[in-house]
Structures are given as structure tokens and as C-alpha cells.
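Structural characterization, general
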Amino acid sequence: MRPKEEEMKHYIIITNRPKDPELSVTGRVRAFLEKNGASCSVYADELETEHWRQILKREGEQTDGILVLGGDGTLLRAARDTADSAIPLLGVNLGTLGFLAEVETAGIEQALERLLRGDYQVEERMMLAGQVVRQGRVREEACSLNDITITRCGHLRMLYFQILVNGRLLKEYHADGIIVATPTGSTGYNMSAGGPIVEPGARLIVLTPVCPHTLQTRSVILSAEDEIVIRITGKEDREETGIEACFDGGRNLELAPGDEVRVTRSDRATSIIKLGEDSFLNVLHRKMSE
């Protein structure tokens, strides 16, 4: 909890413009902050990660929080784009009920009042680091707050892959895909695929197969310190195309037989500002009652 109101000086506002096309909610947030002695910068258009590096290099040290106006998807992208900064994020929900964006538009002013006087807590959420490896060389790498998934786009054919944990073969799968999720991501695609729901402050990794061609469809819970390797094996008698690794539903990387996706706990974390007393279990109860 931030003890001194005067420390809260500058904020970055990230807006999902399709959800606030006239920037009316954004203007409302900005006006309230500036009226109460804070400065802010507004970014309402999608920017590349490199552009965010420049913004954070320029503004990062003086920024006390990043306000994300949109939904859980917008906050996930913001977490990925600003992962190096360690600046805490506050989600303002402009969509349906989510698990990350806790502030509703009707209560924006009350939430901002609490933010300005430092009446909040910060939750640290673990992230995943993923590398796409081809012929022993790292081609791409990225981090995720929710999940890293491997699926096929276009063709409705099964994928053939192996799962290795700490260098040992866990299982060979014939399935539509595999989800590697954090506790935060357990309520996303993992939940839709029948995986377990995990309290977001936990430190573990969830593996959930997507429609596996087997009677054993259970998820596997692993330590946050484990290294997971998904090795695309393919099938000898057919050409394998359209296989993708996806990071938090936003960044897709094409895969081929022989490629590996290595996943570990990231040394980065996402800091989420929590203003209310509403627990994860209360939000889960409301979500499951819809």
C-alpha cells in the first residue's frame, strides 16, 4: 500500500478505443486526475512493443500507475507491453464482467479517489516466459500473463506433440492443442477447455490438453520452477501446416514439425492494483452464476 498521497503524481492511461470510441470515459478519468493535481498521458491506439519501450524509457520512472480502460484482453496486452517497467496496472472494465479489470464505469471517481490517496494493495501475478526453438536456435521469445497455447489454425486436424518436463517425457499427445496457463490464466481458455480454476496468487503452472484423442483428458499441475517443453512431432505421412504458438491470445508464431516451445516461469511479474475488498472467490461466484 502506498502510504503518501503526494507520491501519486503521474499516470499512463491505455484505452481500447473500440470500447471507448469517443474517448468519453478516458476524458472523464483524465479530467478527474488533473483536477486533483495529477498529470497523465493517454494512449488510445495500439502501439508496437518497441514503441512502448520508448514511452516507458521516457515516462517510466515518474509513472505511479497505468490505468487500462477496456477489458481483460486489453489489460493482458498492456501487461505484456509494459512487463519490463514493473509499474502497477489498474483495470477499468468497459466490457463484460472480467477477472482482471475490477473497476466499473459507475464507480470510476470513487476508485480514483482511493488511488490518489494510496488506499490500495498491489498483487504480484506470475508470468510465463516462452521461447520458440528451431534446430537448436531460439527464433522468438515472449512473455505471457495468462497463457501460452499451441493450436492449429484453419484445418480441423489433430496435432501430434510431446510434453517434456525438466527433460523427461511426460506424455505424447494427439489433440487439438495444449494450453500452458498461469494461475491468472486459469480462468481463461484453460477454464473453457475444462481445466482447473486456480487462485491467482498461487505459484504453479497448469497444462491442459485441448480435445485430446484419449480417455485420459486430465490437466496436469506443475511447480512454477519446472521447465516445460512442447515438441511438435507431426505425422510421417502428411504435411503439417498451420500450427501456431500464441502468447496471451495476441501474438502468434508459426511452428513446424521438430520445433520446440520452451516454457518457464518468467523473472518478470505483473503488478495489479486492487482497490476493493471483493475477493477472487466472490468474483468467481458472480461469474459462475451468470
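Attention shifts here to the overall build of the chain. A tally of helices and strands in the chain yields six helices and 17 strands. Burial analysis of the chain (290 residues in total) assigns 50% to the buried set. Considering only contacts in the chain between residues 6 or more positions apart, those separated by 24 or more positions represent 68%. If you sum the accessible surface of the chain, you get close to 14400 Å²; carbon and sulfur atoms cover 46% of it.

Before going further, it helps to examine the side chain of Thr74. Mapped onto the fold, Thr74 is located in helix α3 (residues 72-81). Accessibility expressed as a relative area gives 13% for Thr74, which makes it buried. Apart from the residues within four sequence positions on either side, Thr74 is in contact with Asn16, Val68 and Leu69.

Here the focus is helix α4 (residues 108-116). Because each turn of an α-helix spans 3.6 residues, side chains separated by three or four positions in sequence point in the same direction. Those residues of α4 not exposed but buried are Ile108, Ala111, Leu112, Leu115 and Leu116. For α4, the buried positions fall inside an angular range of 135° around the axis, keeping them on one side. Positive backbone phi, approximately 75°, marks Gly118, located one or two places after α4.

Moving on to the packing of aromatic side chains. Think of a pair of aromatic rings as described by two things: how far the centres are apart, and how the planes are tilted against each other in angle. Going through the model one piece at a time under the given rule, you end up with two aromatic pairs. Relative to Trp52, the ring of Tyr43 has its centre 5.3 Å away and its plane inclined at 65°; by these criteria the two rings are edge-to-face. Tyr43 sits in the buried class, given a relative accessible area of 16%. Residue class for Trp52 comes out buried when judged on its relative accessible area of 3%. Ring geometry for Phe161 versus Tyr173: centroids 5.6 Å apart, planes at 25°, classification stacked. Taken together, the positions of Phe161 in strand β9 (residues 159-165) and Tyr173 in strand β10 (residues 168-175) put the pair 12 residues apart, joining distant regions of the chain. A relative accessible area of 1% places Phe161 in the buried class. On the accessibility criterion, Tyr173 (6% relative accessible area) is buried. We note Lys171 situated over the ring of Tyr173; from NZ or CZ to the ring centre the distance is 5.6 Å.

This brings us to the environment of His10. Structurally, the position occupied by His10 is in strand β1 (residues 10-15). Judged by its relative accessible area of 8%, His10 is buried. Here the alpha-carbon distance between His10 and Glu61, two residues 51 residues apart in the chain, equals 9.7 Å. Dropping the residues within four chain positions of it, His10 is found in contact with Ser39, Cys40, Ser41, Glu59, Gln62, Thr63, Asp64 and Gly65. In this structure the side chain of His10 is engaged in a polar contact, spanning 2.9 Å, whose partner is the side chain of Glu59.

Turning next to the sheet that holds strand β16 (residues 251-255). In space, the six strands of this open sheet follow the order β13-β12-β11-β8-β15-β16, with antiparallel pairing throughout. The sheet terminates laterally at β13 (220-223) and β16, the two strands that pair on one side only. Averaged over all adjacent pairs, the angle separating strand axes in this sheet is 20°, with direction ignored.

All told, the structure shown has 16 salt bridges when counted by the stated rule. Put simply, Glu46 and Arg77 hold a salt bridge, and the shortest N to O gap is 3.8 Å. Highlighted residues: Glu46 in the loop between β2 (39-43) and α2 (49-59) and Arg77 in helix α3, separated in sequence by 31 residues. Relative accessible area serves as the criterion here: at 24%, Arg77 is assigned to the partly exposed category. The structure contains a network of salt bridges with shared partners spanning Glu46, Arg77 and Asp81.

About the criteria used
Residues numbered from 1 in each chain as written. Predicted model: local features only at pLDDT ≥ 70, side-chain atom pairs only at ≥ 80, totals over all residues. Heavy atoms only, no water. Helix = DSSP H or I, 4+ residues; strand = E, 2+ residues; numbered from the N terminus. Buried < 20%, exposed > 50% of the residue type's maximum accessible area, 1.4 Å probe, protein only. Contact = heavy atoms within 4.5 Å. Areas by Shrake-Rupley, 256 points an atom, 1.4 Å probe, with all protein chains shown as cover. Arc of directions from axis to C-beta. Phe/Tyr/Trp six-rings, centres within 6.5 Å; stacked < 30°, edge-to-face > 60°. Lys NZ or Arg CZ within 6 Å of the ring centre and 35° of its normal. Polar contact = N/O pair within 3.5 Å; in protein donor to acceptor, adjacent residues only side chain to side chain. Pairing = 2+ DSSP bridges. Axes fitted to C-alpha atoms, helices over the stretch in contact; angles between N-to-C directions. Salt bridge = Lys/Arg side-chain N within 4 Å of Asp/Glu carboxyl O.

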